[in-house]
Amino acid sequence: MGFPTLRVARPTDNLAALLRFYCEGLGLQQLAAFTAHNGFDGVRLGHARAPYHLEFTHQPRHAAGRAPSLRPSAGVLPARARRVAAGGAAAPFYNPYWDQRGLTFEDPDGYRVVLQQAAWNR
């Protein structure tokens, strides 16, 4: 029996900027796109054979707003890691664990993405 596909979906006001960040910057592929589906436009990103998708939706004339995450008041990452491709600014994470285990970037909506280099023991 295979694993189900995990789809994480969230609204955005910035579909084009998110496409640049996640596809050009982080190497995900656009798997699908839709326009005016029950009043929403959107994209599904990931890798063709991976068991996960990220879905971003936009409802015209509705503001989704920015991420509700807390942000640290001070701190910077090394200069070489200040920017990820497609304009994502490196930013410290509120929980310092993630800054110790990888690099944290803020996507165009203010959500944090962590690139971790450590082995993952399941």
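All of these numbers come straight from a predicted model, not from anything done at the bench.

**Here's the deal with the sheet that holds strand β1 (residues 6-11)**
With mixed pairing, 4 strands are arranged side by side in an open sheet as β1-β4-β3-β2. Edge positions in the sheet fall to β1 and β2 (29-37), since each has one partner strand and no second. Taken over all neighbouring pairs, the strand axes of this sheet differ in orientation by 15° on average, direction set aside. Sheet analysis places strand β3 (residues 40-46) next to strand β4 (residues 52-58), joined by 6 bridges and oriented antiparallel. Within the sheet, the bridge partner assigned to leucine 45 lies in β4 and is leucine 54. Across the face of the sheet, helix α1 (residues 15-25) comes into contact with β1, β2, β3 and β4 while running at roughly 0° to β3.

**Digging into the nonpolar core**
By size, the foremost hydrophobic cluster in this structure holds 11 residues: Leu15, Leu18, Phe21, Tyr22, Cys23, Leu28, Val43, Leu45, Phe56, Phe105 and Val113. For this core, the secondary structure elements donating two or more residues are α1 and β3. Here this core gets 5 residues from one element, more than from any other, and that element is α1. Those residues in contact with leucine 15 that lie beyond four places of it in its chain are Asp41, Gly42, Val43, Phe56, Thr57 and His58.

The rules behind the values
Residues numbered from 1 in each chain as written. Predicted model: local features only at pLDDT ≥ 70, side-chain atom pairs only at ≥ 80, totals over all residues. Heavy atoms only, no water. Pairing = 2+ DSSP bridges. Helix = DSSP H or I, 4+ residues; strand = E, 2+ residues; numbered from the N terminus. Axes fitted to C-alpha atoms, helices over the stretch in contact; angles between N-to-C directions. Contact = heavy atoms within 4.5 Å. Core = buried A, V, L, I, M, F, W, Y, C linked by side-chain atoms within 4.5 Å. Buried < 20%, exposed > 50% of the residue type's maximum accessible area, 1.4 Å probe, protein only.

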